[in-house]
Amino acid sequence: MTSKFYFVKRMINEKRAKIFCSISAFSLLVIVGGVILPIDSTGKCYSQEKTYPEYGIYDTDLLPSSFFKSNREKVMKSIGDSAVAIFYAGSERIRNNDVQYKYRQGDDFFYLTGCSEPNSLLILAPKGIMVVDSTGVHRTKEVLFVMPRDPSRESWTGKRLGPQGAKEALGFDAALPNKEFKKYFLQSLNVAKVTYIPLPSEGMEGNILEFINEIKKAELQYNSRVEFRDPTPLVREMRQVKSPEELAVIERAAQISANAHRAVIIACKQGMYEYQLQAIFEYSSEMQGAEYVAYPCIDGSGENSTIFHYETNRRQMKDGDVVVMDCGCEYHNYASDITRTIPVSGKFSQPQLEIYNIVLAAHDSAVSAMRPRVNYYMTVSQKAVKVIQDGLLRLGIIKDKDEYGKFFNHGLGHPLGLDVHDVWTNGVLRSGEVWTVEPGIYIPANSPGVDPKYWNIGIRIEDDILITDDGHKNITDSVPVEPKEIEKLMKK
Ligand code: CA
C-alpha cells in the first residue's frame, strides 16, 4: 500500500468573489476482491469553522450558512414587502412496509435553508413577524420550523437539530418546533396580500402531509383576501447560475466521480458482472465521502450498451463487449454525472473504434464551443449533431443526414446542480453554469441496413463543463477519454 498526501489551495473564480477553497486529500490504494483501487478519501471542498456533533453534524465542509441566508434574502427582495413565502421540506418515502428510503432533502428547501431534516418548514416575511422563541419576543423576517428534540426518538434514528440547533448550526435568527407552524402561518396570512407557497408534488408521503393539509385548508379559507402564488419558478431561476461556494462543492463531487470512474476502468475485465462495476463505483465514491449516487448507476454492456438508461446491471460481460458506464455521485446534495465507454477485454475492436471516434469528435467539438453567451441548444448541440451526421454518413450507417436521430436520439446534455437534471435555462450560457455534454451513438442488433459488425455497439462520452468568464473548464477530464489512454489504464 502506498499513500501520498497533498494539499492544494486555490482560488475559485477570483473575479466573482474572493472566496478561498481548500482541497486536502490523500490517495491510497485499497484492495477489493483482488483488484487494487485508488481511493482519494478525504478531499474537502469547503472549510467551515465548526462542526456540531451535539446536533449530529460532523462534516467540516458543508456550505456556509451565509450562502443559504443570502438565498433567502434574494427571495424576500423579489417578493416584496407585502408578501410572505412559505417553503416546506421534501417528503419521506416508504420503500416497502415500514422501511423508508434514506431521506434526502428537497432541492429548493435545501437551497434556502441548508436544513437536511424532514418535516421542516420555513416562513419568510420581508416586513417581519413577531415570534416568541428561546430568545424571547422579537421581530424577525425568517423562521425555521423543525422537529423538536426528542431523546427517545433520537435514540432510534439519530440526533436532531431542534430549534436551538437550527439557530446555532444553520444561522437562523428564529427557530421553533414545527407544531407551532400553523399559528405563525395564520398570523403571516393576516399581514400578507400575497402568499407564495409551492404546490405540493404528487405522491408526497409522511408527516409533512399534516402541514400541507393545514396549508391547503388555509388557502381555501383565505383565498378571497390573499392571493396565493407558487414561488418555485423564482427559486429555480436563482438556482441556474451557481455561486462560487456551490461550484466548489460541484467540483468536489465531479472529482470524486472521476476518481471512482478511474477505479472502475482499472478493475473492469471480461467475466465480471455489470453490477460489479456499479459496486466499485459506489464503493469508491462513498469511500471518498459521497453520501449518495446522484442517480442509479448505468452499466450497460454488449446489447445493453444501446439502452440509454439501462440500470438493471445484471449481465455477465464478455470479451468483445463495450460497456457504457454512466455513473455520478452526489456530494453534500450536489450532483456529478460522468459517462465513459470502455472495451471489456481492454482493447477496442476496429468497428467499436470507428463509432467511438465519431462520438469523441462530437464531444470535443461541442465542448470547444462552450463559453458565455453561446446558445447550448442551438450552437453547442448542433456542433455535435453535425459531427455525428458526417460520421454516420461516412461509415454508411445512414444514407441521409436526417436519419442520424435513429442512432442519437437524446439531447446533448443538461444543466447540473442540486439535481442531476438541474433547472433548465433558456440555453444562453452564463459564467457559473454547469452543463453536461454527452453525445452518443447506439446501434442495436438487427438495425435495418446497418452492417452487422456495428450491431450492439453503444457509445456515450460525458463530461461536466463549468462555464467560466471567458470560456469553460472541463471538471471531469481526469478520467481518460482517448481510446489509447483508456486501454493503457485498463492494463494497470
Ligand atoms: Ca447526464
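This is a predicted model, so every value here is computed, not measured. Just so you know, the residues in each chain are numbered from 1, in the order the chain's sequence is written. Residue-level local features of this predicted model are given only where pLDDT is at least 70; pairs of side-chain atoms are given and counted only at 80 or more, and the full residue set underlies all totals for whole chains, interfaces and linings. Hydrogen atoms and water are omitted, and side-chain values are computed over all heavy atoms in the structure.

Undergrad: Teacher, can you tell me more about the sheet that holds strand S14 (residues 322–327) here?
TA: Whether parallel or antiparallel, the strands of a sheet pair through hydrogen bonds between backbone atoms. In this scheme, strands are said to pair when DSSP sees at least two bridges between them. Helix and strand assignments come from DSSP, with helices taken as H or I runs of at least 4 residues and strands as E runs of at least 2, each series counted from the N terminus. With antiparallel pairing, three strands are arranged side by side in an open sheet as S13-S14-S17. In the strand order of this sheet, the two ends are held by strand S13 (298–301) and strand S17 (338–343), each with one partner. Shown here is a sheet whose adjacent strand axes are inclined to one another by a mean of 10 degrees, direction ignored. Relative to S14, S13 is paired through four bridges, and the arrangement is antiparallel. Looking at S14, one finds that Ile 298 is bridged to Asp 326. To define axes, lines are fitted to C-alpha atoms, for helices over the stretch in contact only, and angles between the resulting N-to-C directions are given on a 0 to 180 degree scale.

Undergrad: I keep staring at the packing of aromatic side chains and nothing clicks. Help me out?
TA: The geometry of two aromatic rings is summed up by the distance between their centres and the angle between their planes. The aromatic pairing rule takes the rings of Phe, Tyr and Trp, using the six-membered ring of Trp, and pairs them if the centres are within 6.5 Å, calling planes under 30 degrees apart stacked, those over 60 edge-to-face and the rest tilted. Counting across every chain of the model gives 16 aromatic pairs. Between Phe 67 and Phe 68, the ring centres sit 5.0 Å apart and the planes meet at 70 degrees, which makes this aromatic pair edge-to-face. When sorted by exposure, Phe 67 lands in the same class as Phe 68, which is buried. When the ring of Phe 181 is compared with that of Phe 185, the centres are 5.3 Å apart and the planes differ by 10 degrees; the resulting orientation is stacked. Within this pair, Phe 181 and its partner Phe 185 are both found in helix H5 (residues 181–191), separated by four residues, close to a single helical turn. Both residues of the pair, Phe 181 and Phe 185, belong to the buried class. Here a set of aromatic residues connected by ring pairs shows up, and it is made of Phe 145, Phe 181, Tyr 184, Phe 185 and Phe 211. Cation placement over rings: the criterion is NZ of Lys or CZ of Arg within 6 Å of the ring centroid and within 35° of the ring normal. The ring of Phe 172 has Arg 72 sitting right over it, with the charged end atom 3.8 Å from the ring centre. Per-residue accessibility, obtained with a 1.4 Å probe over protein chains only, is compared with the maximum for each type, and a residue is labelled buried under 20%, exposed over 50%, and partly exposed between these values.

Undergrad: What is the right way to look at the side chain of Asp 464 in this model?
TA: The residue Asp 464 is located in strand S21 (residues 463–468) in this model. Lys and Arg are tallied as positive, Asp and Glu as negative. Neither His nor the chain termini are counted. Criterion for a salt bridge: a side-chain nitrogen of Lys or Arg within 4 Å of a carboxyl oxygen of Asp or Glu. Here Asp 464 sits buried without a salt bridge, and the closest side chain of opposite charge, Arg 340, lies 8.1 Å off (N-O distance). A polar contact of 3.1 Å, which involves the side chain of Asp 464, links it to the backbone nitrogen of Asp 337. Note on contacts: a residue pair is in contact if any heavy atoms of the two residues lie within 4.5 Å. Not counting residues within four places of it along the chain, the set of residues in contact with Asp 464 comprises Ala 254, Ser 336, Asp 337, Ile 338, Leu 416, Val 434, Trp 435, Thr 436, Lys 473, Asn 474, Ile 475 and Thr 476. Contacts described as polar in this section are N or O atom pairs within 3.5 Å, which, within protein, must combine one atom able to donate a hydrogen with one able to accept it, while residues neighboring in sequence count only if both atoms come from side chains.

Undergrad: For this particular structure, what's the right way to read the pairing of strand S7 (residues 121–133)?
TA: Look at any regular strand and the pattern is simple: side chains alternate between the two faces of the sheet. For S7, the buried fraction is high: 10 of the 13 residues fall into the buried class. Here four bridges tie strand S4 (residues 83–88) to S7, and the two strands are oriented antiparallel to one another. The residue of S7 that forms the bridge with Ala 85 is Leu 124. Bridge count between S7 and strand S8 (residues 136–146): nine bridges; the pairing is antiparallel. Opposite Asp 133, over in S8, you have Gly 136 as the bridge partner. A loop of two residues connects S7 with S8, the two strands running antiparallel in sequence.

Undergrad: What is the right way to read a nonpolar patch on the surface from this model?
TA: Together, Met 130, Val 132 and Val 137 make up a nonpolar patch on the protein surface, roughly 270 Å² of accessible area in all. Within the element layout of this structure, Met 130 appears in strand S7. The patches described consist of residues with a relative accessible area above 30% and no salt bridge, like charges being joined within 9 Å and nonpolar side chains (Val, Leu, Ile, Met, Phe, Trp, Tyr) within 5 Å. The accessible surface values rely on the Shrake-Rupley method and a 1.4 Å probe; as for residues, cover is taken only from the protein chains in view.

Undergrad: How should the domain arrangement of the chain be read in this particular structure?
TA: You'll often see interface size given as the accessible area lost when the parts meet. Note: domain ranges come from an automatic or database domain assignment. Domain assignment breaks the chain into domain 1 (3–39), domain 2 (53–238) and domain 3 (242–490). One C-alpha centre belongs to domain 2, the other to domain 3; they are set 37 Å apart. Between domain 2 and domain 3 lies a buried interface of about 1,300 Å² when both sides are counted; carbon and sulfur atoms form 53% of it. Put simply, buried area is the surface a 1.4 Å probe can reach on two separate parts but cannot reach once they are joined, added for both. When the buried surface of domain 2 facing domain 3 is broken down by residue, Leu 63, Arg 104 and Asp 107 rank first, second and third, together holding 37% of it. Taken together, domain 2 and domain 3 are joined by one salt bridge. Between Glu 330 and Arg 104 there is a salt bridge, with its nearest N and O atoms 3.0 Å apart.

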